[in-house]
Amino acid sequence: MFPILFSLLLVSVLSNMDCAKLPEPEVKIEVLYKPFLCHRKSKYGDILLVHYEGYLESNGTLFHSSRQHGEQTPVWFTLGIREVIAGWDRGMQGMCAGERRKLTIPPALAYGKEGKGKIPPESTLIFHMEVLEIRNGPRSHESFQEMDLNDDWKLSKQEVKEYLRKEFERHGYAANDTHHEVMVEDIFQKEDEDQDGFISAREFTYKHDEL
């Protein structure tokens, strides 16, 4: 009788262990400054222009600054599509233009066991972030309407190409029709799910909802 009870107890314990989940790592967010007027808050799919300084929590070493290193200019990235570390994607939601935050990011949401460059493995990182500008990203409903020149709720290759040309020019790059055509073909190969030659509103926004 005892072995049976022991077996049942063991199964119960193991089942509980399997069901138990480790707490997910979180980003610690400290708002350093928030403007009184906030006309728009960042959300997944938006493109953000930011300045940042990154420090090692262990000893306070500055490992990178957009103001001091490289081209010494702010950087653009799209929020929520893994262009940056997960800690940025999580920690920069709901920010206003002009807002500054301090993000404390655990290794699992930064560079993990591998590390990167000056960042040792398993490093907790501290970032001082400042959002300078928020723009509609390529997955926002607003961007779809901007691209849909004839308001037919679907995007042609010409409409996407025209949008790319305008975006390149707005960021100070010369238009390159050959490069844009390659980009358009790649976009349609990935996004035109029913292969009808158009990207519908559903096809355009579907992946955005899954970010």
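Reading guide: rules and limits
- Residues numbered from 1 in each chain as written.
- Predicted model: local features only at pLDDT ≥ 70, side-chain atom pairs only at ≥ 80, totals over all residues.
- Heavy atoms only, no water.
- Disulfide = S-S within 2.5 Å.
- Helix = DSSP H or I, 4+ residues; strand = E, 2+ residues; numbered from the N terminus.
- Buried < 20%, exposed > 50% of the residue type's maximum accessible area, 1.4 Å probe, protein only.
- Contact = heavy atoms within 4.5 Å.
- pLDDT = per-residue confidence, 0-100.

Under the counting rule described, the total for this entry stands at 1 disulfide. Through a disulfide, C38 is tied to C96; the S-S separation comes to 2.0 Å. Between C38 and C96 the sulfur-sulfur dihedral comes to about -100°; the bridge is accordingly left-handed. With C38 in the loop between strand 1 (28-33) and strand 2 (47-56) and C96 in the loop between helix 2 (86-91) and strand 5 (100-105), this pair connects stretches of sequence that are 58 residues apart. Under the relative-accessibility criterion, C38 is labelled partly exposed at 29%.

On to the side chain of D89, then. Its place among the elements puts D89 in helix 2. Residues within four places of D89 in sequence aside, it is in contact with Y44, F77, T78, L79, G80, I81, R82 and V84.

Right, let's talk about the confidence of the model for the protein chain for a bit. On average, the protein chain scores 83 in pLDDT, and the residues at 70 or more come to 83%. Counted against residues more than four places away or in other chains, residues 1-11, with its pLDDT under 50, gives 0 contacts. For the stretch residues 206-211, pLDDT sits under 50, and the model shows 10 contacts to residues farther than four places along the chain or on other chains.

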